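Understanding the architecture of this molecule
Listed below, chain by chain, are the residues.
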Amino acid sequence: MRVASARPTVTVTGQGLEVDGRPIAAESLRASARGGQVWIGKRSHRGPVTLAARGAIRLDGRPLPGRLRLLPSAGEGLDVVNVVPLETYVASSVASETPAIWPAEALKAQAVVARSYALHERARRLGESFELEGSVISQRYAVGSVPESARLATRATRDQVLIFAGEPILAAFHSSSGGATASASEVWGEDVAYLRSVSSPDDSAPDYFWSYEITLADLSDALREAGYAPGEVRDVRIADVSRSGRVLALRIGALALSGRDLREVLGGRALRSAKFDARIEGDRVRFLGSGSGHGVGLCQWGASELARQGQSYRGILAHYYPGTRLRRIGAPGSVAGNWSATR
């Protein structure tokens, strides 16, 4: 899992540091990349370099479990990959993605989702130098202590993954759906059998309702900075919405784009989802929306509520990923082989 990208230099500290299995006397080292090689001090390394320590290893002060692999990035600088066992990764992801006080069945559902997503990405990126990003690009990945509730959820679901047609699924998830999840086709333009729109009881989510206001002039400037040519902006009109209520098309001045496109321009903190309406108020536009995130797959706040209503994690997963099956890694009819400790 990549935890740093294109860094000019990194500092790695830890007790009993080893470089490619060889102990070094120092407890701190600086690394960089030049000419397609990894440099540690004055020594260059042609291939990836693996760093290990007796306990936690720190990357620029950030404690991480397992080992670190340093390699030149595709551009300039260093990429840093954290190598950890799958179950360690899952527990950390659960701790990052869900509050520790949520119902146990919701945490178990998140553990299966994290594991399934990791295995799906492993298959998709076969042969690449890393399989996941340690951020919201993939899944959040915590550092430091992991709450016991996240550890218990991980242990209770150990080796369990969701499969469809014999393969780990793209276990997409989001924070809040605004009452109904989105299908993959309406968000990404690609039909995925198990990523369909379903109801979701997430009305207790803090982002179930939200609003965002911006002047028409600032909206026009933002669009131009993103490479669009909106012309004079006097109005914002919703032209088409999906069955789940997400904006498929809207017009801003002379420009036609989707709700997803506009989210990319203004940012996810401004437009928290593509499920919104727009109202002109003088020289400003107010967006009134519901939900947070892309809306596809498991709704975390909805999963929490289903757990409070007595649903098991199996029932929660069946609701949000219809047509999938829960299997153990290596079990008959499931994913072939076992996961090695190279996450």
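Structure's up top.
The rules we used
- Residues numbered from 1 in each chain as written.
- Predicted model: local features only at pLDDT ≥ 70, side-chain atom pairs only at ≥ 80, totals over all residues.
- Heavy atoms only, no water.
- Pairing = 2+ DSSP bridges.
- Helix = DSSP H or I, 4+ residues; strand = E, 2+ residues; numbered from the N terminus.
- Buried < 20%, exposed > 50% of the residue type's maximum accessible area, 1.4 Å probe, protein only.
- Lys, Arg positive; Asp, Glu negative; His and termini not counted.
- Salt bridge = Lys/Arg side-chain N within 4 Å of Asp/Glu carboxyl O.
- Contact = heavy atoms within 4.5 Å.
- Core = buried A, V, L, I, M, F, W, Y, C linked by side-chain atoms within 4.5 Å.
- Polar contact = N/O pair within 3.5 Å; in protein donor to acceptor, adjacent residues only side chain to side chain.
- Arc of directions from axis to C-beta.

Topic: the sheet that holds strand β23 (residues 325–328)
Within the open sheet, the three strands sit side by side as β14-β13-β23. Their pairing is antiparallel. If you trace the sheet from one side to the other, it starts and ends with β14 (167–168) and β23, each paired once. Where strand β13 (residues 160–164) and β14 come together, two bridges link them in antiparallel fashion. The residue of β14 that forms the bridge with Phe164 is Glu167.

Concerning the side chain of Arg263
Mapped onto the fold, Arg263 is located in helix α6 (residues 259–266). Within the buried set, Arg263 has no salt-bridge partner at all; the shortest N-O distance to an opposite charge, 8.2 Å, is to Glu264. When neighbours within four sequence positions are excluded, Arg263 is seen to be in contact with Gly268, Leu271, Arg272, Ser273, Ala274, Gly293 and His294.

Structural notes on the pattern of salt bridges
Proximity of charged atoms lets side chains of opposite charge pair with each other. This model, assessed by the stated rule, comprises 11 salt bridges. Note that Glu213 and Arg284 form a salt bridge whose closest N and O atoms lie 2.5 Å from each other. Residue Glu213 is located in strand β16 (residues 210–215), and its partner Arg284 is located in strand β21 (residues 284–289); the two are separated by 71 residues in the primary sequence. Look at Glu213 and you get partly exposed, because its relative accessible area is 28%. Classification of Arg284 as partly exposed rests on a relative accessible area of 30%. Each of the salt bridges in this network shares a partner with another, and the network as a whole consists of Glu213, Glu281, Arg284 and Arg286.

Structural notes on the nonpolar core
Formed by 40 residues in total, the largest nonpolar core has its most connected members in Val12, Leu51 and Leu59. Ranked by size, the runner-up nonpolar core spans 29 residues in total, among them Phe173, Ala303, Ala307 and Tyr320.

Some details on the sheet that holds strand β4 (residues 22–23)
If you walk across this open sheet you meet the six strands as β1-β12-β11-β8-β3-β4, and the pairing is antiparallel. For this open sheet the edge positions go to β1 (2–7) and β4, each flanked by a neighbour on one side alone. The sheet contact formed by strand β8 (residues 49–52) and strand β11 (residues 67–72) spans three bridges and is antiparallel. Residue pairing in the sheet places Val49 in a bridge with Leu70 of β11.

Description of unusual backbone geometry
One non-glycine residue with positive phi stands out, namely Asp60, at about 50°. With a relative accessible area of 41%, Asp60 lands in the partly exposed category. Non-glycine residue Asp159 carries a positive phi angle of around 70°. Within the secondary structure, Asp159 sits in the loop between α3 (148–156) and β13. Taking the relative accessible area as the measure of exposure, Asp159 reaches 29% and is therefore partly exposed.

What to know about the environment of Val49
Here Val49 lies in strand β8. The class for Val49 is buried, based on a relative accessible area of 0%. Separated by 12 residues in the primary sequence, Val49 and Gln37 place their C-alpha atoms 9.8 Å from one another.

So, the pairing of strand β6 (residues 37–40)
Here strand β5 (residues 28–34) pairs with β6 via four bridges, running antiparallel. The residue bridging Arg34 from the neighbouring strand is Gln37, located in β6. What sits between β5 and β6 in their antiparallel hairpin is a turn of two residues, with Gly35 showing a positive phi close to 60°. Note: β6 against strand β7 (residues 43–45), three bridges, orientation antiparallel. Each bridged residue has a counterpart across the sheet, and for Val38 the counterpart in β7 is His45.

Brief notes about the environment of Gly289
Checked against the element boundaries, Gly289 lands in strand β21. Classification of Gly289 by relative accessible area gives buried; the value is 6%. Measuring from C-alpha to C-alpha, the distance between Gly289 and Leu271 comes to 7.7 Å, with 18 residues separating the pair along the chain. Filtering out sequence-adjacent residues up to four positions away, Gly289 remains in contact with Tyr208, Phe209, Trp210, Lys275 and Phe276.

Quick notes on the side chain of Lys275
Within the element layout of this structure, Lys275 appears in the loop between α6 and β20 (276–281). Although Lys275 is buried, it forms no salt bridge, and the closest oppositely charged side chain is Asp202 at an N-O distance of 7.2 Å. Here Gly178 takes part through its backbone oxygen, which lies 2.7 Å from a polar atom of the side chain of Lys275. Beyond its immediate chain neighbours, meaning those up to four positions away, Lys275 contacts Ser177, Gly178, Gly179, Ala180, Trp210, Ser244, Gly245, Arg246, Leu288, Gly289 and Ser290.

What about α3?
Looking only at α3, the buried set comprises Ala150, Ala153 and Thr154. Down the axis, α3 shows its buried residues gathered within 100° of arc, on one side only.

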